[in-house]
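# Geometric and topological summary
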Amino acid sequence: WGLVGVYVFFSISGYVITLRLLAEQAQSNGNIDLRRFFARRIIRIWPIYFLTIAFIYFVHPGFVDGGIGWHMSFLSNVFFSIKGAFLFPIHFWSLSVEQQFYLFWPFLLIACYKRNLIIVIACMMVVSPVSRWYFDAHLHNMQAALYAPSSNLDCLAAGAIAAVTEARKTWHQM
């Protein structure tokens, strides 16, 4: 059930972030204050994230998996996919997916302002199951099927599509 909880969290995150960014775009003629967006994510996540890494480093010296650089770069999910193993600290993978979403999503929203966003979201929803199938069936890498960035886009997209639907209802009421 833990993985289901993570997927629900991804969907909620996709919804909340997309809705906020779409609202900002609607109020500012398509613009998003990227500085403010990234500053809010950094202030909210980075302090406790890096404090946790430091704590684990001293409790579990050197990270047994040798991936401290990957974890510090928010690439734990990529590291686990490449290694093809469940490694300690496993919980960083979902935060990596979130940070990767935060990094790219605002730029996609700016590029797709009021056009093609549904197509992008639909592509995300198709890419993920295909990615999971490919990693599992062809590469026999279940970790990549679970953790690769491409394998988690559908959950984020599910939230994003709900946000777009809600935002469009608001646009039509104006």
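Throughout what follows, the structure given in this document is the object of discussion. (Residues numbered from 1 in each chain as written. Predicted model: local features only at pLDDT ≥ 70, side-chain atom pairs only at ≥ 80, totals over all residues. Heavy atoms only, no water.)

Now for the pattern of salt bridges. Applying the stated criterion to the full structure yields two salt bridges. In this structure, aspartate 154 engages arginine 132 in a salt bridge whose closest nitrogen and oxygen atoms are separated by 2.6 Å. One end of the pair, aspartate 154, is in helix 8 (residues 153-173); the other, arginine 132, is in helix 6 (residues 117-138), and 22 residues separate them in sequence. With a relative accessible area of 24%, arginine 132 lands in the partly exposed category. (Salt bridge = Lys/Arg side-chain N within 4 Å of Asp/Glu carboxyl O. Helix = DSSP H or I, 4+ residues; strand = E, 2+ residues; numbered from the N terminus. Buried < 20%, exposed > 50% of the residue type's maximum accessible area, 1.4 Å probe, protein only.)

Attention shifts here to the nonpolar core. By size, the foremost hydrophobic cluster in this structure holds 35 residues, and its most contacted members are Phe10, Trp93, Trp105 and Leu117. Breaking this core down by element, the ones donating at least two residues are helix 1 (2-27), helix 2 (34-59), helix 4 (76-83), helix 5 (92-111), helix 6, helix 7 (142-147) and helix 8. Among the elements that make up this core, the one with the highest residue count is helix 5 (seven residues). Once residues within four sequence positions are removed from consideration, tryptophan 105 is found in contact with Ile17, Thr18, Leu21, Leu117, Val120, Ile121, Met124 and Ala160. (Core = buried A, V, L, I, M, F, W, Y, C linked by side-chain atoms within 4.5 Å. Contact = heavy atoms within 4.5 Å.)

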